[in-house]
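Residue strings, one per chain:
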Amino acid sequence: MKQRLSKKAFALLAFSTLLFCSCQEEFPQDDLIEGKWKLESVVNNAEALDCEKKAYFEFSKYVYDGSERKLYKASYCDIPEDAENQEDPIIIENYYSIVLDTLIIVDEHRDTKKYTIEHINKETMTLLDKYKNPTNYVRAN
């Protein structure tokens, strides 16, 4: 009798698990922050320097391993005059994570900055600093 009961219990558990898993809603893996972004204030400023307009921020794909979630800051204005190649940007590598609506950026010195993601879609993003000052970004081509 016990053996029959345990087989029924196992069958019920297996059926319940299958039913539960098959009813889960699947969400597309569309990471909106991934890719290159530019400061909107620079892009829309006709008086901005060319090197400022070329600068960008690039978020790598959001993966499980935190050491692989990188944020690259590319600067063209800070290139030393004696550099071999004046066309390549200076790249600063940081790490990022997202918890709910908070973007956490950690630099190479382990300094941490937190921003609230107020808005993000495929074309624009607004981040708020700790004083609630907004910074707007546009998707770079």
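Residues numbered from 1 in each chain as written. Predicted model: local features only at pLDDT ≥ 70, side-chain atom pairs only at ≥ 80, totals over all residues. Heavy atoms only, no water.

Caption draft 1: Fine view of the state of the cysteines. Tallied over the full model, the rule gives one disulfide. Across the disulfide from cysteine 51 sits cysteine 77; the S-S distance is 1.9 Å. When the S-S torsion is 95 degrees, as for the bridge of cysteine 51 with cysteine 77, the disulfide is right-handed. Linking cysteine 51 in helix α3 (residues 50–54) with cysteine 77 in the loop between β3 (70–75) and β4 (90–99), this pair joins segments that are 26 residues apart in sequence. Under the relative-accessibility criterion, cysteine 77 is labelled partly exposed at 34%. (Disulfide = S-S within 2.5 Å. Helix = DSSP H or I, 4+ residues; strand = E, 2+ residues; numbered from the N terminus. Buried < 20%, exposed > 50% of the residue type's maximum accessible area, 1.4 Å probe, protein only.)

Caption draft 2: Quick peek at the packing of aromatic side chains. As enumerated under the stated definition, the model contains three aromatic pairs in all. Between phenylalanine 57 and tyrosine 137, the aromatic rings sit 5.7 Å apart at their centres with planes inclined by 85 degrees, giving edge-to-face as the arrangement. Remark: tyrosine 137 occurs in strand β8 (residues 134–139) and phenylalanine 57 occurs in strand β2 (residues 56–59); sequence separation between them is 80 residues. Classification of tyrosine 137 as buried rests on a relative accessible area of 13%. Centroid distance phenylalanine 59 to tyrosine 96: 5.0 Å. Interplanar angle 85 degrees. Geometry classified as edge-to-face. Taken together, the positions of phenylalanine 59 in strand β2 and tyrosine 96 in strand β4 put the pair 37 residues apart, joining distant regions of the chain. Of the two residues examined, phenylalanine 59 and tyrosine 96, each falls in the buried class. An aromatic cluster is defined as three or more aromatic residues linked by ring pairs; in this entry it consists of Phe59, Tyr62 and Tyr96. When the ring centre of tyrosine 56 is taken as reference, the NZ or CZ atom of lysine 36 above it lies at 4.5 Å. (Phe/Tyr/Trp six-rings, centres within 6.5 Å; stacked < 30°, edge-to-face > 60°. Lys NZ or Arg CZ within 6 Å of the ring centre and 35° of its normal.)

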